[in-house]
Amino acid sequence: MSDAEHPARRAGLASQAAVRGKRKAEWLALFAPDARVEDPIGISPYDPIGAGHFGLDAIAAFWDMAIAPSAIDFRLTDSYACGDEVAFIGTIRSERAERATEVDGVFTYRVNSAGKIIALRAFWELKQARTTFIAN
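The shown structure was predicted, so the numbers you read here are calculated from the model rather than taken from an experiment.

This next bit is on the overall build of the chain. Helix and strand content of the chain: three helices and seven strands. When the helices and strands of the chain are listed from N to C terminus, the series reads α-α-β-β-α-β-β-β-β-β. Compactness check: the chain gives a C-alpha radius of gyration of 14 Å against a globular reference of 14 Å for 136 residues, within 12% of the reference. The C-alpha extent of the chain, read off along each of the three principal axes, is 45 × 30 × 25 Å. The 136 residues of the chain split such that 40% are buried. Intrachain contacts of the chain at a sequence separation of at least 6 include 51% that bridge at least 24 residues. For the chain, the accessible area works out to roughly 7,300 Å², and carbon and sulfur atoms hold 57% of it. Considering the chain, the positive charge centre built from 16 side chains and the negative charge centre built from 18 side chains are found 2 Å apart.

With the rule as written, the count across this model stands at four aromatic pairs. Both rings, one in Trp27 and one in Phe31, keep their centres 4.8 Å apart while their planes meet at 70 degrees; by these two values the pair is edge-to-face. Like Phe31, Trp27 is buried. Summarising the aromatic geometry, the rings of Tyr46 and Phe62 are spaced 6.1 Å apart at their centres and angled 85 degrees between planes, so their arrangement reads as edge-to-face. Placement of the pair is Tyr46 in the loop between strand 1 (31–38) and strand 2 (53–54) and Phe62 in helix 3 (residues 56–67), with a sequence separation of 16 residues. Following the ring pairs from residue to residue traces out a cluster consisting of Trp27, Phe31 and Trp63.

The full count for this structure, using the stated rule, is twelve salt bridges. The closest approach of N and O atoms between Lys24 and Asp64, which form a salt bridge, is 2.7 Å. In this pair, Lys24 sits in helix 2 (residues 24–28) while Asp64 sits in helix 3, placing the two residues 40 residues apart along the sequence. For Asp64, a relative accessible area of 43% gives the class partly exposed. Arg75 is paired through a salt bridge with Glu102; the nearest N and O atoms lie 2.8 Å apart. With Arg75 in strand 3 (residues 71–82) and Glu102 in strand 5 (residues 99–111), this residue pair connects regions lying 27 residues apart in the sequence. Residue classification places Glu102 among the buried positions, given a relative accessible area of 17%. Each of Arg20, Asp73, Arg75, Arg93, Glu95, Glu102, Asp104 and Arg130 takes part in a single network of salt bridges with overlapping partners.

Bringing unusual backbone geometry into the picture now. For the peptide bond that leads from Asp39 to Pro40, omega is -5 degrees, which places it in the cis range. Its identity as a non-glycine residue notwithstanding, Lys22 has a phi of 60 degrees, on the positive side. By the element assignment, Lys22 lies in the loop between helix 1 (7–20) and helix 2. Positive phi, normally seen in glycine, also occurs at Ala97, with a value near 55 degrees. Mapped onto the secondary structure, Ala97 falls in the loop between strand 4 (85–96) and strand 5.

With respect to the helices and strands, the residue Gly21 is situated in the loop between helix 1 and helix 2. The spatial distance from the C-alpha of Gly21 to the C-alpha of Ile72 is 8.7 Å, given a sequence separation of 51 residues.

Rules used throughout
Residues numbered from 1 in each chain as written. Predicted model: local features only at pLDDT ≥ 70, side-chain atom pairs only at ≥ 80, totals over all residues. Heavy atoms only, no water. Helix = DSSP H or I, 4+ residues; strand = E, 2+ residues; numbered from the N terminus. Rg over C-alpha atoms; globule rule 2.2 N^0.38 Å. Buried < 20%, exposed > 50% of the residue type's maximum accessible area, 1.4 Å probe, protein only. Contact = heavy atoms within 4.5 Å. Areas by Shrake-Rupley, 256 points an atom, 1.4 Å probe, with all protein chains shown as cover. Lys, Arg positive; Asp, Glu negative; His and termini not counted. Charge placed at Lys NZ, Arg CZ, Asp CG, Glu CD. Phe/Tyr/Trp six-rings, centres within 6.5 Å; stacked < 30°, edge-to-face > 60°. Salt bridge = Lys/Arg side-chain N within 4 Å of Asp/Glu carboxyl O.

Structure (structure tokens):
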């Protein structure tokens, strides 16, 4: 199996493409019904109790809150696939209104035997996010 054919890498890349293309239904179809999204892991403005977004309804609500209002781009420098998981290393840039925010991190995806995402976890620190203002 080539690196691009690893099930978790394939699912992660498909997830990123759907986010970049603003294709919510396509993105949600990549997840198992019992999946969990933690982006970022722990307490954040998107997850005030730090439990993650569990199940498709909660993941869809996460999309509406965090992804839908922004233009998001992934600038990944590497990835490592092991077992049923992959870790991507790089920077995510999010543009919303007149503001662009970039975060460096490690972004992991775990899949089940059917290749559906069961865990999407983003390791990044809010205090290290870089925000700039952009002209429209």
